[in-house]
Structure formats: structure tokens, C-alpha cells
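Residue strings, one per chain:
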Amino acid sequence: NQCFVIGANRIGTDPNFEYNGCSAVFNPMGEELVIVENEEKIIYCEINLDEVKNIREKLPFLNDMKLI
């Protein structure tokens, strides 16, 4: 069961809104790995699963979550 923070956003316009298309990938410490703004594009990012596991063991933030 893995969890990564990857945000994909729409780009372009419709009759009511304009979308900036800011998509990003962040590591477990919240540091930006990849960001793409204002362009339509496929992005790739390598995620070190050992790093994710080590950080989760040291900082078990997910244990604090309460499901409603």
C-alpha cells in the first residue's frame, strides 16, 4: 500500500474558467521533485521507494490520520 503526492491539474479554458495547468510531484518531506506550469505535457518522475519507507518509519504521520 503506497501513497505519493502527485497533483495533476487541467490546463486551458472553458466558457467559465481558465486553468493554469500546474502539476507537481513532491517527495515524502514535501520537497518539490517536478513541477510543470502552463503547458500540456506528460511528465515522468522516479520515486525512491526505500526513501519513502525510511521516512515513514522515522516520521509516521499517517498514523495520526483519522478516517471519518
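Summary of the structure given here. Remember, predicted model here, so these are calculated numbers, not experimental data.

1. Overview of the overall build of the protein chain
- When helices and strands are tallied, the protein chain shows one helix and five strands.
- Split into buried and exposed, the 68 residues of the protein chain put 13% on the buried side.
- Contacts spanning at least 24 positions in sequence make up 26% of the contacts within the protein chain whose residues lie at least 6 apart.
- In the form shown here, the protein chain has an accessible surface area of approximately 6,100 Å², with 51% of it arising from carbon and sulfur atoms.

2. Here's the deal with the environment of Asn48
- With respect to the helices and strands, Asn48 occurs in the loop between β5 (32–36) and α1 (49–58).
- The spatial distance from the C-alpha of Asn48 to the C-alpha of Asn27 is 8.9 Å, given a sequence separation of 21 residues.
- Looking at Asn48, its side chain comes within polar contact range of the main-chain nitrogen of Glu51, at 3.0 Å.

3. What about a nonpolar patch on the surface?
- A cluster of nonpolar side chains, Met29, Leu59 and Phe61, forms an exposed patch at the surface whose accessible area comes to about 300 Å².
- When its relative accessible area of 46% is taken as the criterion, Met29 is described as partly exposed.

4. Looking at the pairing of β5
- In terms of strand pairing, strand β4 (residues 23–26) meets β5 through four bridges, oriented antiparallel. Of the residues in β5, the one forming a bridge with Ser23 is Val36.

Parameters at a glance
Residues numbered from 1 in each chain as written. Predicted model: local features only at pLDDT ≥ 70, side-chain atom pairs only at ≥ 80, totals over all residues. Heavy atoms only, no water. Helix = DSSP H or I, 4+ residues; strand = E, 2+ residues; numbered from the N terminus. Buried < 20%, exposed > 50% of the residue type's maximum accessible area, 1.4 Å probe, protein only. Contact = heavy atoms within 4.5 Å. Areas by Shrake-Rupley, 256 points an atom, 1.4 Å probe, with all protein chains shown as cover. Polar contact = N/O pair within 3.5 Å; in protein donor to acceptor, adjacent residues only side chain to side chain. Patch = residues over 30% accessible without salt bridge, like charges linked within 9 Å, V, L, I, M, F, W, Y side chains within 5 Å. Salt bridge = Lys/Arg side-chain N within 4 Å of Asp/Glu carboxyl O. Pairing = 2+ DSSP bridges.

Take it as geometry only, folks, not as evidence of what the structure does.
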